[in-house]
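Here is what each chain is made of, one letter per residue.
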Amino acid sequence: MDAKTTNNKSSTLTVGNKNYDFPVYEGTIGPDVVDISKLYGQAGIFTYDPGFTSTASCESKITYIDGDEGILLYRGYPIEQLAEHGDFLETCYLLLYGELPTPTQKADFDYRVTRHTMVHEQMSRFFQGFRRDAHPMAVMCGSVGALAAFYHDSTDISDPQQRMIASIRMIAKMPTLAAMAYKYNVGQPFVYPKNDLDYATNFLRMCYAVPCEEYKPNPVLARAMDRIFILHADHEQNASTSTVRLSGSSGANPFACIAAGIACLWGPAHGGANEAALKMLGEIGSVDRIPEFIKRAKDKNDPFRLMGFGHRVYKNYDPRARLMQKTCHEVLSELGIKDDPLLDVAMELEKIALHDDYFIEKKLYPNVDFYSGITLKAMGFPVSMFTVLFAVARTVGWIAQWKEMIEDPSQKIGRPRQLYTGATQRDYAPISRRK
Ligand code: SDX
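The rules behind these values
Residues numbered from 1 in each chain as written. Predicted model: local features only at pLDDT ≥ 70, side-chain atom pairs only at ≥ 80, totals over all residues. Heavy atoms only, no water. Core = buried A, V, L, I, M, F, W, Y, C linked by side-chain atoms within 4.5 Å. Buried < 20%, exposed > 50% of the residue type's maximum accessible area, 1.4 Å probe, protein only. Contact = heavy atoms within 4.5 Å. 1 Å grid on protein atoms, 1.4 Å probe; cavity = no way out; pocket = protein on both sides within 12 Å on 5 of 7 lines; lining within 4 Å. Points joined across faces, edges and corners; volume = space filled by probe spheres on them. Helix = DSSP H or I, 4+ residues; strand = E, 2+ residues; numbered from the N terminus. Nonpolar A, V, L, I, M, F, W, Y, C, P; charged D, E, K, R; others polar. Phe/Tyr/Trp six-rings, centres within 6.5 Å; stacked < 30°, edge-to-face > 60°. Lys NZ or Arg CZ within 6 Å of the ring centre and 35° of its normal.

Enquirer: How would you explain the nonpolar core if you had to name every residue and give the values?
Expert: Nonpolar side chains tend to gather and get buried jointly when the protein is soluble and globular. Counting 122 residues, the largest nonpolar core has Phe203, Met225, Leu306 and Phe381 as its most contacted members. If sequence neighbours within four positions are ignored, Phe381 has contacts with Phe203, Leu204, Cys207, Tyr208, Met225, Leu376, Phe386 and Leu389.

Here it is as structure tokens:
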């Protein structure tokens, strides 16, 4: 795995009256890192970085983000070029294998993924255990974790063949499970995948086809869906990816690790923000109420935040948000939606926020979740499905990062330490003596 170089760089930490030297590694692009793995052994102290704002948890070759410049690269390729010229399965191949596929490799990969899109027939009985009104993300956490109960022949992570089968199965079956979660929620029959359809068209058909009439694919909406998948495919060491890596570091099977990633993604500070952002735009309701919400977002005593705004890494415009906005306009135009009040509020909110000193000073820009909700709602998805779609797309990123970690010879179980500020040792008092 080692591509890091020290170039004889080092960093010295003074603890008390002693100096400790630690190697500094350079990557190909981006900030250097100080390897403090021997700090505790040498100096008897830990680093302290809640939220990991200054911590590199691993070395990776998959995705690079320059938050100041608003740059996002998948294996070195700018997201704008991949979204414009490629398709989602090509991006999956790139993230998994590190290079864009040749025509033969692409055809073979599409064939393999397509022929794993069905789920075990008993999965449909598994769904019957959920309440009809269960949140689709709850259903996804349960059903993806349950895949380990159906595919025992691809849970041995020490076997490269099984790792690859499990990876293909995850990428292939997520849209099918997501569509089943939607159909179950709306009380319609499940729709089986069709092997003569591309990934995005197949997914939309599994969501929207009904037995009573022929499903007519809309190529503009399918292209928009495919692009939305590309935009959400991977994003370096975000919370859910870090969850998948940490779960995988214990040797847990890939289905369980992806289920853990789905659970983490569900949070409104992370992938749940697309659902929260649309609800927020609905709550604002009209352009004239925007100042009231901007005021609340700036009020330290008010927990309200502008959902779809701000990012741990991007201190510039999230390049995905720009592409999402463009896709949003394309979808609304294709569907003949002339004026969507939510889009009017979103565009005006963005304009006001980007000229407000508070947002400028804190470098808060729209992120990928700001426009995705309007687009998905226009495409017919209920709000509760938005984060499910994010999970469908992010599965390839989670799998690629999990695979990279498992195949890294220096990999070991992740086990952070803490700053303990609890009670010092004390003796047990029998209940008879407690007042
Ligand atoms: C995703 O990590 C990834 O890469 C994630 C993701 C991916 O592809 O995997 O990009 C997907 O999760 C995008 C983010 C979606 N979340 C939201 O849109 C929720 C709203 N955003 C915030 O909750 C927040 O911006 C975070 C969680 C995204 C980032 O939070 P940080 O990095 O911990 O920053 P912070 O909370 O410390 O905020 C810095 C300051 C604070 O003010 P001070 O305490 O310094 O005075 O900015 C303020 C915050 O109060 N702030 C906001 C704000 N976001 C941050 N104020 C108002 N509205 C906001 N949205």
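Next, the rest of the story.
Enquirer: Before we move on, could you go through empty space enclosed by the protein and cite the residues and values that matter?
Expert: Here the structure, examined in full by the defined rule, presents two cavities of 30 Å³ or more. Looking at the largest cavity, the residues that line it are Leu89, Val113, Thr114, Thr117, Ala172, Pro175, Leu197, Asp198, Tyr199, Asn202, Phe203 and Met206. With four residues, helix α8 (residues 199–208) is the largest single contributor of residues to the lining of the largest cavity. For the lining of the largest cavity, the class distribution of residues is eight nonpolar, three polar and one charged. Computed from the structure, the second largest cavity encloses a volume of approximately 40 Å³. Lining the second largest cavity, in full, are Ile228, Phe229, His232, Asn274, Ser372, Leu376, Phe386, Leu389, Phe390 and Ala393. Those elements giving two or more residues to the lining of the second largest cavity turn out to be α9 (219–231), α17 (369–378) and α18 (386–406). No other element matches the four residues that α18 contributes to the lining of the second largest cavity. In terms of residue class, the lining of the second largest cavity is made up of seven nonpolar, three polar and no charged.

Enquirer: Could you give me a rundown of the packing of aromatic side chains, with the residues and numbers involved?
Expert: For any two aromatic rings, the description comes down to two numbers: the centre-to-centre distance and the angle of the planes. Applying the stated criterion across every chain, the model contains 22 aromatic pairs. Centre to centre, the rings of Tyr93 and Phe109 are 5.5 Å apart; their planes meet at 90°, and the pair counts as edge-to-face. Within this pair, whereas Tyr93 is found in helix α3 (residues 88–97), its partner Phe109 is found in helix α4 (residues 103–114), the two being separated by 16 residues in sequence. Of the aromatic side chains, those joined through ring pairs into one cluster are Phe88, Tyr182, Tyr199, Phe203, Tyr208, Phe229 and Phe381. The ring of Tyr184 carries Arg132 above its face, with NZ or CZ at 4.1 Å from the centroid.

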